[in-house]
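Okay, here's what each chain looks like letter by letter:
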Amino acid sequence: MDSTTRIRKEEEIMSNCAGCDQKDGCVSVHASINEMHGRTREMGVDTVFDRYQRQQPQCGFGMQGVCCQLCSHGPCRITAKAPCGICGAGADTIVARNLLRLAVHGAAAYAHHLEELAKTIKATAAGKTPFGIGDEQKLRQIAGVVGLDAAAPAPELAGQLADVLLSELRKGSDEPLALVRLFAPPTRLAAWEKLDVIPGGVLSEIRDALTKSMSNIDTDPVDLLLTAVRLSIATGYMGLVATVTAQDILLGTPALTKSGADLGVIDPATVNIVAHGHVPLMATAVLQAAQKPEMTALAKAAGAAGIKVYGSMCTGQELMQRSATSAGGFAGQLGNWIAQELYVATGAVELVMMDMNCSIPGLKTVADRFHTRLVSVDRIVRMAGVDDHVDYDPEKVAEQAVGLVKMAIDNFRNRGKNVHVPQCKSAAVAGFSVESILGALGGSLDPLLDAVRKGTIKGIAAVVGCTNNRNGHDFKSVAITRELIKKDVLVINAGCCSSATQAEGLMTPEAADQAGEGLRSVCRALGIPPALNFGSCVDIGRIGVAVTAIAGALGVDPSALPVAASAPEYLEQKAVADGIFAVAFGLLTHLGPVPPVTGSPLITSILTRDVEGLTGGRVLVEEDPVKAADAMYAHIMAKRSALGI
Amino acid sequence: MINVAACNGCLTCALACAAAHSPSRDIVGAMADHTPPRIFIQAVRERAVPVTCRHCEEPACVEACMTGAMQKDPVSGLVSNEGHEQKCVGCWMCIMACPYGAVTAHPTERIAVKCDGCPHLDQPACVSACPNGALSWEEPDRFAARKGRRTAAALLEERAG
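Residues numbered from 1 in each chain as written. Chains lettered and ligands numbered in written order. Predicted model: local features only at pLDDT ≥ 70, side-chain atom pairs only at ≥ 80, totals over all residues. Heavy atoms only, no water.

A. Fine view of the confidence of the model for chain B. The predicted model of chain B averages 92 in pLDDT, with 99% of residues at 70 or higher. For this predicted complex, the interface confidence score (ipTM) comes to 0.76, while the overall pTM stands at 0.91. (pLDDT = per-residue confidence, 0-100.)

Rendered as structure tokens:
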């Protein structure tokens, strides 16, 4: 690197991470990613880190949510001299409408995921897929709750349950969602009824919210916010809870298992396939196909030592947490959203399967510098320059999977000599779910609740959601997790945050050494890590189920529990829907990056203060991870003293 | 004059500048014909800072110019390398000499580009366009007087509060 490039690099880094004086080229909390970033810079390969710099400075009106581009009079933005857009909409309306539109996108993506799953269960029930019923007990239990004949033969029952899910998705917004009534704590239902936010069918709610957020329809900021709450509750119970449950029924409920994480798990000797995205259906089929002896023989004939299927983002977490059930043979998790270009840049990846969301357009540019083949495996995923589409079809997935594995083997021959795999890797325990925790505790939540009552564990915090470069990659999620466990708060990770703490070794029992005395003793007694891997971002639904179970066991509302949530690096629209759901669910919800609402004093004060009187939850915005952990701890301690423990 | 605290990095000034110097005279046209802006918003630690020509009393760029294209107008005080008998040849001496980084190379032509103070307008396009009042176009004394009055008012309030 010449001196000009070096100086430029230092200048860029300095303008990137606020509050960090490091000038050594560090862009990520992970040594592996920093090493790969150095390699991409040397090679002149553009990644998210470089593009981030070129976008600076970013427009303050957009950051504050007061830019409206809906009609051709726009764009309008709110300034001191122009407190209203041309139509007369003020900052409050514009901010609320923009926020609702973000939440709608999230709700729609979750609905797509659930629909693919329900269709797969139907096809499986008809014997047309390579999948089976992974958790018959859960199938019968849930079928019973929704009013089906739980004694019916499993395949028939699974088909009926899938039909129930599809009809729940598609019914009118005036028909309340059965799953909300059946699964929400009664105290929550009462709070939501008061606000008239019990949602109907998800697709209808999406239609209503999109219609309302058109120009000149719903311009009342408070009603727009309530619409976002209603939509987010639909997302919570359908997109999250129902999706997780249906995935468990199809692919098996996560069971405790050991795996590995970080870029060092890549084996340069094998044909390497990466399952990237959120929907683990094609990925599971490919993982199974890759283990067939005839595929291994093909790989060996191509000069490779074998075939390995790795995970990336949430699809990876889904595989990891089921590697003791349907995803046996899983080779490890590479990283989260920001890592995608960097693992391609190792030069050792033959194929990336891109399922439902989070494949960034920049990935193609990086893939083109190497031999990596990108394939979209969901009918809604398309990327400029990517011509390989193997759109997931439940009835054809067995042959599609074999085709994908062969594609990867063929591509192994094109692998260049420029391969570099960082040596960083960490062990990781995965497979935590309400069921596996109950199993570990001997069938009852009591040992955990006793530890909370006694104060050995002060409370539980969900540190979940995306990764984000706004303050450097994964710095915040790892820092908040570390701070909380030090304070004897048990952390549950899900989504990209799971990949973050996994790579830093926080999901190993040995990480108990980094926890406070109380939490350390509990972790050692049970042999568990201080940060539990609950899986993918959809598995935030699993956290909802866990909190509901704990609230039920203690006989209180979720908002009274010593728990808190944090999305320290939230990035995209699904996270917006999740965050609003968490607030509606009664949780203190910390957000790292400041959400685009600060241009509206009304919306800001509702979200950060007034909503607490309505749902018990509220948003906490704090960019400093240590201060955020302190505030979450203070909230947990306040809830403890209110409960008299 | 620049009030850094008021800038929120929206880049409206840069767009308005490009528009004012584009043959089309509008933003969309300027984007289409790639007219470069002459005001820059630098990002420093997530803060936006406008940087443009100070039209210095003793301009280093004028001093450095080998053809004499860069001149300071004795009446208006504006520093520009356009509209004079001598032509800019793109030697970039002015770019090297400018202490503010306010002079840049044209992306396609071999000519240095800098703020010309929009002599065809009542006040520079960037100043008119800034939605945040971060830019102003006035004599240093007036700017200082305004700032002085603001400081005095703040001091009074502080004492009263």
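B. Looking closely at the pattern of salt bridges. Residues and elements named next belong to chain A. Under the defined criterion, the tally for this structure stands at 37 salt bridges over all chains. In this structure, the salt-bridge partner of Asp50 is Arg41, at a minimum N-O distance of 3.1 Å. The residues Asp50 and Arg41 share a single accessibility class, namely buried. A salt bridge links Arg181 to Glu193; its shortest N-O distance comes to 2.9 Å. Of this pair, Arg181 sits in helix α8 (residues 178-183) while Glu193 sits in helix α9 (residues 186-195), and the two are 12 residues apart along the sequence. (Salt bridge = Lys/Arg side-chain N within 4 Å of Asp/Glu carboxyl O. Buried < 20%, exposed > 50% of the residue type's maximum accessible area, 1.4 Å probe, protein only. Helix = DSSP H or I, 4+ residues; strand = E, 2+ residues; numbered from the N terminus.)

C. Looking closely at the layout of surface pockets. All names here are of chain B. Estimates place the volume of the second largest pocket at around 580 Å³. Taken together, 23 residues line the second largest pocket, and the ones lying closest to its centre are Met1, Arg54, His55, Trp137 and Glu138. In terms of residue class, the lining of the second largest pocket is built from 13 nonpolar, five polar and five charged. (1 Å grid on protein atoms, 1.4 Å probe; cavity = no way out; pocket = protein on both sides within 12 Å on 5 of 7 lines; lining within 4 Å. Points joined across faces, edges and corners; volume = space filled by probe spheres on them. Nonpolar A, V, L, I, M, F, W, Y, C, P; charged D, E, K, R; others polar.)

D. Structural view of the sheet that holds strand β12 (residues 489-494) of chain A. Residue and element names in this part refer to chain A. Within the open sheet, the six strands sit side by side as β13-β12-β11-β14-β15-β16. Their pairing is parallel. The sheet is open, and its two edges are formed by β13 (531-533) and β16 (618-621), each paired on a single side. Between one strand axis and the next, the sheet turns through 25° on average, direction left out of account. Relative to β16, strand β15 (residues 588-591) runs parallel, the two being bridged by four bridges. Looking at the pairing, Thr589 lines up with Val619 of β16. Where helix α20 (residues 475-486) meets the sheet, it contacts β11 (459-464), β12, β13, β14 (563-567) and β15, and its direction lies at approximately 155° from that of β12. (Pairing = 2+ DSSP bridges. Axes fitted to C-alpha atoms, helices over the stretch in contact; angles between N-to-C directions. Contact = heavy atoms within 4.5 Å.)

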